[in-house]
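Residue-level structural notes
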Amino acid sequence: MSLPTKRSATATATPSSSSASATSNFPPMKKAKSQAVSACSPLDHSCNKNGLHHFSSGTTADNDVVFDPSSMTLDDDPKLQDFSPPAAANLSRKKATPPQPAKKLVIKLVKAKPTLPANFEEDTWGRLQSAIKAIFLKQPDSCDLEKLYQAVNDLCLHKMGGNLYQRIERECEAHIHTVLQSLVGQSPDLVVFLSLVERCWQDLCDQMLMIRGIALYLDRTYVKQTPNVRSLWDMGLQLFRKHLSLSPEVEHKTVTGLLRMIEKERLGESVDRTLLNHLLKMFTALGIYAESFERPFLDCTSEFYAAEGMKYMQQSDVPDYLKHVEIRLQEENERCLLYLDASTRKPLIATAERQLLERHISAILDKGFMMLMDGHRIEDLKRMYSLFLRVNALESLRQALSSYIRRTGQGIVMDEEKDKDMVSCLLEFKASLDTIWEESFSKNEAFCNTIKDAFEHLINLRQNRPAELIAKFLDEKLRAGNKGTSEEELEGTLDKVLVLFRFIQGKDVFEAFYKKDLAKRLLLGKSASIDAEKSMISKLKTECGSQFTNKLEGMFKDIELSKEINESFKQSSQARTKLPSGIEMSVHVLTTGYWPTYPPMDVRLPHELNVYQDIFKEFYLSKYSGRRLMWQNSLGHCVLKAEFPKGKKELAVSLFQTVVLMLFNDAQKLSFQDIKDATGIEDKELRRTLQSLACGKVRVLQKIPKGRDVEDDDLFVFNEGFTAPLYRIKVNAIQMKETVEENTSTTERVFQDRQYQVDAAIVRIMKTRKVLSHTLLITELFQQVIIFHFYLSRINWVNVIPKPCNAKDSL
């Protein structure tokens, strides 16, 4: 009984020949060089457990195929098809036979290679060439794209990629040459010509993309494996660039057309920006943008804006010119975003800035800066600052600001006729500059320092006078007449004045005048707010140190102590027993060292007033022994009850006015000389007192003859027809301007204090150094005076020179 055979693989061996049959994919196989074949008998121990024959061979060559029949079934071996031993014997033999090593059959392949048809390359290229020409001519091709792609693959697989690349390159070059030559002598209209160039470029891009799609396998194999060979796309660009350079007319005409279109756009005409964008991208893709277009474009831009800058500077004012420059720079930036290459932005903006701004910096500042500052043109100044920042011209702007502040401030400070308004004008000027600095100059620190330096220069142009006027300005603001001002507004004014105070070099002059005015406000009750007074003292203390405000703080202490003394006096036995009923008396006891020096003014007081003074003197000396009271009559004031035929009134008057009015209790008419003899008041002060009583708004007395000035032969009569709507009336004294002598004496005292301070500084230096040359002494003296005198440690001569032990108090 024979087993069925399988046809998948059959091998036979004979002593004389060997042959093998397999599938049709394999070529004929040759006989093995050495081959040992042994048949296995049913009882042979070399049989495996499946009953398969084992073939063994010697060494194999490189091209040998090793055939292993160990995996075959029983049916697979033709030698065993007719062999079928008994089942029992076979089973027993399998159990007794041990496993044997597998034998291998070696089969050698035929070395013959398949051959290509003789005209394979030419036929394949013919199909590809026909397709490429159809692409260039924009015609349909009968060949399928898949077959074209497969043709390129076959050529590359058979090592024909180099020839294929060169043939494609020749076809592309011929087409590009023809197309560019067709543009020579085309339409003289530059816009039409540019459209033709753009169409040509777009067609080439589309055609090269299609060719690259067909020959993609060529790009991925031959091009990548071969050095110095461009991709098909780059090859197309290189050919286009080459033949464009060989057609200078086309290139020149294209660049000229682009420049003309951009110039028209700058002049306000509408142009095709898409066309510009495509053509400029063409230049960029070809790698000739910088050399062929950007360089002439920047030259044309420079010429255009140079001419425009000169024209506009002559025809327009500075604000309009700056707006025009700002618009131009925005347009150029937008032009870079829309169609110019990104690399052009920086040189293009720099060219426009140089021609429109950098060349005209001096002209802009000379022509319009002062006008903008005077007009407080915040937006225009902000625009100027931002534009100057672009061209690094802020230093010129800063110098112009410094010159403007000095020139304008000098007109404010040096005009003696406007001294009354000098401080308020300076405050307004400073506030205007601060606003401009914050909103227009972006709070630039260099500009802030420029403002400070310029203000310090102009405020100290007139030595000591600005310090005096600032002190008087504060006196005006802190007086009771400014009750309409809120506390917040008053505090803000003090802060602003303090800024001017920082610029003053002669701070001791300010102190002298401020102390004198503060004394009047405190003694006469003229202060608008004690809190505001103390706030100002605190600000000055923060600025200049405690030594600067030591005397000013002492004045406030005296006022507080005086209140306590007056309370004690009212409860004393002297006041209860000796003072007439209905009389109130208040005395300020002041320490001489804290308060200004007042010249003594003699006056013959009425008996009633002398009694009041004696009673208080007796009380004070009984409480404080070793002290001496010196009455300051020029600072006293009283409230008189007057009976007029048309009603009773209370008159708030000064001590001198009181003395004069009380004379009319015993007389109806008095001459100037009679009043002078009776009161003993000096001539100038008496004339001022009579003028306030008889020639002012409140005329308690009548002067005969009528007139503004008081003469020696004038007569004065009690005004019986006096009327007023209010019950209490303030009779203001005629405020005489400070005389030159008074100002001179105040200034001289300041200079004397300075001399003392210099002397004290010299003593300190020499105590430390012992021996020092004159030059080094002067240098160190300057350092100490500059650092300590004005800001940190003003030296009070009272602390250096011994003074009498007894303190002098005055009313």
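Just so we're clear, the structure is a prediction, and the values are computed from it rather than from any experiment.

What follows covers the overall build of the protein chain. Tallying secondary structure elements over the protein chain gives 29 helices and 13 strands in all. Expressed as a percentage of the 811 residues in the protein chain, the buried residues total 42%. Considering only contacts in the protein chain between residues 6 or more positions apart, those separated by 24 or more positions represent 72%. Carbon and sulfur atoms form 52% of the exposed surface of the protein chain, whose accessible area is close to 45700 Å².

Strand order in the open sheet formed by three strands is β9-β11-β10, and the pairing between neighbours is antiparallel. Because the sheet does not close on itself, it has two edges, and the strands there are β9 (669-671) and β10 (701-704). Each neighbouring strand pair of the sheet contributes to a mean axis angle of 25°, computed without reference to strand direction. One ladder, built from four bridges, connects β10 with strand β11 (residues 715-718); its direction is antiparallel. Across the sheet, the residue bridging to Q702 is V717, located in β11. Seen against the sheet, helix α26 (residues 672-679) touches β9 and β11 and runs at an angle of roughly 85° to β9.

Across all of its chains, the model carries 34 salt bridges by this definition. Salt-bridge contacts for K242 lead to E173; the nearest nitrogen and oxygen are separated by 2.9 Å. Here K242, found in helix α7 (residues 232-245), pairs with E173, found in helix α4 (residues 161-182); they are 69 residues apart in sequence, far enough to count as distant. The salt bridge involving K430 is made with D434; its shortest N-O contact spans 2.8 Å. On the criterion of helical spacing, the pair formed by K430 and D434 is a turn pair, its members being four residues apart in helix α16 (residues 422-439). With a relative accessible area of 12%, K430 lands in the buried category. Taken together, the salt bridges that share partners define one network made up of E265, R266, R273, E332, E334 and R335.

With that settled, the discussion passes to unusual backbone geometry. In this chain, I704 is followed by P705 through a cis amide linkage whose omega measures -5°. By the element assignment, P705 lies in the loop between β10 and β11. With a phi close to 60°, K159 is a non-glycine residue in the positive phi region. Residue placement: K159 occurs in the loop between α3 (145-157) and α4.

Turning our eyes to something else, we now look at the pairing of strand β8 (residues 647-654). Examined bridge by bridge, strand β7 (residues 637-644) and β8 share eight bridges and lie antiparallel to one another. What sits directly across from A642, in β8, is K649. What sits between β7 and β8 in their antiparallel hairpin is a turn of two residues. In this sheet, strand β12 (residues 728-730) lies alongside β8 in parallel orientation, the contact comprising three bridges. Paired with A652 across the bridge in β12 is K730.

Moving on to the packing of aromatic side chains. Describing an aromatic ring pair means giving the distance of the ring centres and the angle of the ring planes. Tallying each qualifying case throughout the model produces 24 aromatic pairs. With a centroid separation of 5.7 Å and 35° between ring planes, the pair formed by F455 and F503 is classed as tilted. One end of the pair, F455, is in helix α17 (residues 445-459); the other, F503, is in helix α19 (residues 487-503), and 48 residues separate them in sequence. In this structure, F455 and F503 share a single accessibility class: buried. A network of ring pairs unites the aromatic residues F569, F616, F619, Y620, Y624 and W631 as a single cluster. Between K253 and the ring centre of F193, over which it is positioned, the NZ or CZ distance is 4.6 Å. For R266, the ring lying beneath its charged end belongs to F304, and the centroid distance is 5.7 Å.

Since there are 3.6 residues in each turn of an α-helix, residues three or four apart along the chain are aligned in direction. Under the 1.5 Å per step criterion, the end-to-end length of helix α2 (residues 120-137) is 26 Å for 18 residues, consistent within 8% with the ideal 26 Å. Considered for burial, the residues of α2 that qualify are F120, E121, T124, W125, L128, A131, I132, A134, I135 and F136. As for α2, its buried residues are in contact with α3, α4 and α5 (190-214). In the stretch just after α2, K138 is the one whose phi turns positive, near 60°.

This part is about helix α18 (residues 465-478). For α18, built from 14 residues, the straight-helix expectation of 20 Å at 1.5 Å per residue is met to within 8% by its first-to-last C-alpha distance of 20 Å. Among all positions in α18, only P466, A467, E468, L469, I470, A471, F473, L474, D475 and L478 are buried.

It is worth spelling out the confidence of the model for the protein chain at this point. Looking at the protein chain, the pLDDT average stands at 79 and 80% of residues meet or exceed 70. Every residue in residues 788-811 scores below 50 in pLDDT, and together they form 61 contacts with partners more than four places removed in sequence or on other chains.

Take the environment of F644 next. With respect to the helices, strands and loops of the structure, F644 is situated in strand β7. Of the residues examined, F644 reaches a relative accessible area of 6% and is grouped as buried. Expressed as a C-alpha distance, the spacing of F644 and F718, which sit 74 residues apart in the sequence, is 9.4 Å. Beyond its immediate sequence surroundings of up to four residues, F644 is in contact with K649, L651, V700, F718, N719 and F722.

What follows covers the sheet that holds β12. Spatially, three strands are ordered β7-β8-β12 in an open sheet, and the strand pairing comes out mixed. Pairing within the sheet leaves two strands with one partner each, and these edge strands are β7 and β12. Each strand of the sheet is rotated relative to its neighbour by a mean of 30°, with strand direction disregarded. Against the sheet, helix α25 (residues 655-663) contacts β7 and β8, and its axis sits at roughly 135° relative to β8.

The final tally for this structure, using the stated rule, is three cavities of 30 Å³ or more. Computed from the structure, the largest cavity encloses a volume of approximately 50 Å³. Among the elements of the structure, α2, α4 and α5 are those that each provide at least two residues to the lining of the largest cavity. Of the residues contributing to the lining of the largest cavity, the split by class is eight nonpolar, no polar and no charged.

The rules behind each value
Residues numbered from 1 in each chain as written. Predicted model: local features only at pLDDT ≥ 70, side-chain atom pairs only at ≥ 80, totals over all residues. Heavy atoms only, no water. Helix = DSSP H or I, 4+ residues; strand = E, 2+ residues; numbered from the N terminus. Buried < 20%, exposed > 50% of the residue type's maximum accessible area, 1.4 Å probe, protein only. Contact = heavy atoms within 4.5 Å. Areas by Shrake-Rupley, 256 points an atom, 1.4 Å probe, with all protein chains shown as cover. Pairing = 2+ DSSP bridges. Axes fitted to C-alpha atoms, helices over the stretch in contact; angles between N-to-C directions. Salt bridge = Lys/Arg side-chain N within 4 Å of Asp/Glu carboxyl O. Phe/Tyr/Trp six-rings, centres within 6.5 Å; stacked < 30°, edge-to-face > 60°. Lys NZ or Arg CZ within 6 Å of the ring centre and 35° of its normal. Expected span 1.5 Å × (residues − 1). pLDDT = per-residue confidence, 0-100. 1 Å grid on protein atoms, 1.4 Å probe; cavity = no way out; pocket = protein on both sides within 12 Å on 5 of 7 lines; lining within 4 Å. Points joined across faces, edges and corners; volume = space filled by probe spheres on them. Nonpolar A, V, L, I, M, F, W, Y, C, P; charged D, E, K, R; others polar.

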